[in-house]
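Structure at a glance
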Amino acid sequence: MGKKKILLIGASSLLGKALVDLFHDVYEIFGTYSQKELSQSSYKHIKQIKLDITRPHQLKKVFQAHKYDVVIHVASIGNIECCEQNKKRAKAVNFTATKHIVALTKLIRAKLIFISSSAVFAGISASYFEDSKREPINFYGKMKQLSEDVVLKEKKNAVMRVTMMYGWNNPSERSNTVTWIIESAKNGKQITLANDRFTNPVWNYEVAKSIKSVIEKNLCGCFHVAGLNTLNRYEIAQAVCKEFDLDSKYIKSKQYMHLHQVSRHGLQETLDTSNMVEKIHQIPISFEEGLRKMRKEGFHD
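This section reports on the structure supplied with the text. Predicted model, so just to flag it, every value in this text is computed and none were measured.

1. Overview of the side chain of Ser286
- Position of Ser286 relative to the elements: it lies in the loop between helix H9 (274-278) and helix H10 (287-297).
- A polar atom in the side chain of Ser286 sits 3.0 Å from the backbone nitrogen of Glu289.
- The residues touching Ser286, leaving out its near neighbours within four places in the chain, are Tyr166, Leu228 and Asn229.

2. Details of the packing of aromatic side chains
- Applying the stated criterion to the full structure yields 7 aromatic pairs.
- Ring geometry for Phe63 against Tyr68: centres 6.2 Å apart, planes inclined by 80 degrees, an arrangement best described as edge-to-face.
- You can call Tyr68 buried: its relative accessible area is 0%.
- Seen in terms of ring centroids, Phe121 and Tyr128 are 4.3 Å apart; in terms of plane orientation they differ by 10 degrees. Their pairing is stacked. The burial state of Phe121 is the same as that of Tyr128; both residues are buried.
- Taken together, the ring pairs in this structure connect Phe30, Phe63 and Tyr68 into an aromatic cluster.

3. Notes on helix H7 (residues 204-217)
- With 14 residues, H7 extends 20 Å between its outermost C-alpha atoms, agreeing within 8% with the 20 Å of an ideal straight helix rising 1.5 Å per residue.
- Judged by how many residues are buried, H7 sits mostly within the fold: 11 of 14 residues are covered.
- Here H7 has its buried residues at Asn204, Tyr205, Glu206, Val207, Ala208, Ser210, Ile211, Lys212, Ser213, Val214 and Ile215.
- Looking one or two residues past H7, Asn218 carries a phi angle of roughly 55 degrees, positive in sign.

4. Examining helix H8 (residues 233-243)
- Within H8, the full set of buried residues consists of Arg233, Ile236, Ala237, Ala239, Val240 and Cys241.
- Those residues of H8 that are buried lie in contact with helix H6 (177-186), strand E8 (191-194), strand E9 (198-199), strand E12 (231-232), strand E13 (251-254) and H10.
- For H8, the capping residue at the N-terminal end is Asn232, with a side-chain oxygen 3.0 Å from the backbone nitrogen of Tyr234.
- Asp245, located one to two residues past H8, shows a positive phi value of around 55 degrees.

5. Considerations on the sheet that holds strand E3 (residues 47-50)
- One open sheet holds the 7 strands; their spatial order is E3-E2-E1-E4-E5-E6-E11, and the pairing between them is parallel. At either end of the open sheet lies a strand with only one pairing partner, and these are E3 and strand E11 (221-225). Along the sheet, successive strands turn relative to each other by an average axial angle of 20 degrees, direction set aside.
- By the bridge criterion, 5 bridges tie strand E6 (residues 158-162) to E11 in an arrangement that is parallel.

6. Quick notes on the packing of helix H1 (residues 14-23) against H7
- With their axes 8 Å apart at the nearest point, H1 and H7 run at an angle of 60 degrees to one another. If you check the angle between H1 and H7, you find them oblique. Taken as a pair, H1 and H7 cross one another with a handedness that is right-handed. Contacts between H1 and H7 involve Leu14, Leu15, Lys17, Ala18, Leu19, Asp21, Leu22 and Phe23 from the former and Asn204, Tyr205, Val207, Ala208, Lys209, Ile211, Lys212 and Ile215 from the latter.
- When the residues that make up the contact of H1 with H7 are grouped by side-chain class, the tally is 11 nonpolar, 1 polar and 4 charged.

7. Considering the packing of H8 against H10
- With their axes 10 Å apart at the nearest point, H8 and H10 run at an angle of 40 degrees to one another. As far as their axial angle goes, H10 and H8 are oblique. The two elements H8 and H10 meet at a crossing, and its hand is right-handed. On H10, the residues that touch Ile236, Ala239, Val240 and Glu243 of H8 are Phe287, Leu291, Arg292 and Arg295.
- Looking at the contact of H8 with H10, its residues break down into 5 nonpolar, no polar and 3 charged.

8. Description of unusual backbone geometry
- Phi at Arg109 takes a positive value of approximately 60 degrees, unusual for a residue other than glycine.
- Mapping Arg109 onto the fold places it in the loop between helix H4 (87-107) and strand E5 (111-117).
- Phi at Asp245 takes a positive value of approximately 55 degrees, unusual for a residue other than glycine.
- By secondary structure assignment, the location of Asp245 is in the loop between H8 and E13.

The rules behind these values
- Residues numbered from 1 in each chain as written.
- Predicted model: local features only at pLDDT ≥ 70, side-chain atom pairs only at ≥ 80, totals over all residues.
- Heavy atoms only, no water.
- Helix = DSSP H or I, 4+ residues; strand = E, 2+ residues; numbered from the N terminus.
- Polar contact = N/O pair within 3.5 Å; in protein donor to acceptor, adjacent residues only side chain to side chain.
- Contact = heavy atoms within 4.5 Å.
- Phe/Tyr/Trp six-rings, centres within 6.5 Å; stacked < 30°, edge-to-face > 60°.
- Buried < 20%, exposed > 50% of the residue type's maximum accessible area, 1.4 Å probe, protein only.
- Expected span 1.5 Å × (residues − 1).
- Pairing = 2+ DSSP bridges.
- Axes fitted to C-alpha atoms, helices over the stretch in contact; angles between N-to-C directions.
- Parallel < 35°, antiparallel > 145°, perpendicular 65-115°, else oblique.
- Left-handed = near helix turned anticlockwise from the far one by under 90°.
- Nonpolar A, V, L, I, M, F, W, Y, C, P; charged D, E, K, R; others polar.

Following this line, the structure appears as structure tokens:
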């Protein structure tokens, strides 16, 4: 029996990078990119496909090219402010494209794993469970909620909700919170973070490991994947500076209400990880351990 064929939609993303690194020896991966072909060494192990997910005819062509066993949908506009400012584009990428992907995955009888977000919640409870009431307060979260509903109509599919994800991103992709903090501190740029917005951040490779378990165990339904400890954004920045030997004098803190951001964000974005432990059989790691692993990994192409 040959390797399972996996269609990874959004291979260039932060999570896509970790999935390629972790999966390329185990599965036959077909990874999509939207702009420029990926030249990093890890991507030489996969078959790359240029794809604009907002073009249904392109999606159909990709799905007809091979008999995939699993489709992992990672691609999205993840910048919450950008989604708020360009709702038409955000809906096309983050929801309408997902509807087409769900339909095409069903046609080939494959399993779909969709990456969602803690943004589906209002951000007012200390911790959210998989079945907690969803009340998104920004457009990004609303599109994720709609997408979850479409994905889970098919019983074999899975939704993975993640918190703030960090790790070394590809140069062509947007920074994540941790790499932004590192670059700002290195360049002596002052940044101000909320001291009252809390989350339990997760390393991108930990999410990739969870997805691998969901595939191997053929799990379906909704699962939370997050880190062990809950921190506010200012504490996150302090921990990053400590681990990477950076001067924290450029890191300032304020209450969220004084940061004047374009979109609304929840203040409490912690996800409960009981099912991550009990069903996926993965123990969450601390933020400090994730940073140590990230530093040990180092950025590599």
